[in-house]
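# Structure assessment
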Amino acid sequence: MRSTDSEIIGYLRVVQILDSLPALVGYVDLDLRIVYANKLIETWYRRPLDELVGMQLKTLFSAEHYQTVEALLGQVLAGTEVNEEREIQYPDGETRQVNLNYIPDRSDGQVLGYFFLVQDVSERNRAQDALRAINAELDRRIGDATAELAHRNQELSKENRAREESEERYRIVSELMSDL
């Protein structure tokens, strides 16, 4: 096998791996044009990949979506890595809570573009919210049970004192009876 055949096979495997990821992965240049993106972008943006590659983000994104990430794009193009969570409405009709990870591509101290990894964390956040609600309910139940136990403990203490007083009276009466 020639070196170029091996390189092509290696490239195709990398593309296959990236396309199988459950996140958007790609690269954007300084003009904010998509240079590469994995297949998931087709689903989220409802356009074929060959149409998306080369498209400027401002054209691809809705005005609201662009405003949501515009400051982050400025940060990454200034050379700062970005890792943020945002809620974004996508053209496929889904509003997703996403983790946006933008990594500057630097060469000789200059930013050439950036790599992106966008993960849908909606399900994770829903699970966290559900766990928080369950924990709050458990805390409430534990608080109620603790209060009930404290109340029952007070009642038992009163009953024990009354029993002890009754036993003391019985002992005194028994001693007096035996003295008589």
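Read on for an overview of the structure. Predicted, not measured: the structure shown is a model, and the values here were computed from it.

What the rule picks out here adds up to seven aromatic pairs. Among the aromatic residues, those joined into a ring-pair cluster are W44, Y45, F61, Y66 and Y90.

What follows deals with the pattern of salt bridges. Close approach of charged atoms lets side chains of opposite charge pair. One pass over the full model with this rule turns up 14 salt bridges. Note that E85 and R124 form a salt bridge whose closest N and O atoms lie 2.2 Å from each other. Of this pair, E85 sits in strand 3 (residues 82-89) while R124 sits in helix 6 (residues 122-179), and the two are 39 residues apart along the sequence. Look at E85 and you get partly exposed, because its relative accessible area is 33%. For R124, a relative accessible area of 38% gives the class partly exposed. Here E168 and R171 are joined by a salt bridge, their closest N and O atoms 2.2 Å apart. Placement of the pair is E168 and R171 together in helix 6, with a separation of three residues, close to one helical turn. Residue class for E168 comes out partly exposed when judged on its relative accessible area of 36%. We classify R171 as partly exposed; its relative accessible area is 37%. Salt bridges sharing partners connect three or more residues here, namely E137, R140, R141 and D144.

In most cases, non-glycine residues show a negative phi, while peptide bonds are predominantly trans. Of note, L32 is a non-glycine position whose phi angle comes to about 60°, a positive value. Residue placement: L32 occurs in the loop between strand 1 (23-29) and strand 2 (34-37). Note on L32: relative accessible area 14%, which makes it buried. A positive phi angle is found at R46, which is not glycine, with a value near 55°. Within the secondary structure, R46 sits in the loop between helix 2 (40-45) and helix 3 (49-52).

Residues Y45, L57, Y102 and Y114 are the most contacted members of the largest nonpolar core, which totals 29 residues. Looking at which element gives the most residues to this core, the answer is helix 5 (residues 63-77), with five residues.

Conventions adopted
- Residues numbered from 1 in each chain as written.
- Predicted model: local features only at pLDDT ≥ 70, side-chain atom pairs only at ≥ 80, totals over all residues.
- Heavy atoms only, no water.
- Phe/Tyr/Trp six-rings, centres within 6.5 Å; stacked < 30°, edge-to-face > 60°.
- Salt bridge = Lys/Arg side-chain N within 4 Å of Asp/Glu carboxyl O.
- Helix = DSSP H or I, 4+ residues; strand = E, 2+ residues; numbered from the N terminus.
- Buried < 20%, exposed > 50% of the residue type's maximum accessible area, 1.4 Å probe, protein only.
- Core = buried A, V, L, I, M, F, W, Y, C linked by side-chain atoms within 4.5 Å.

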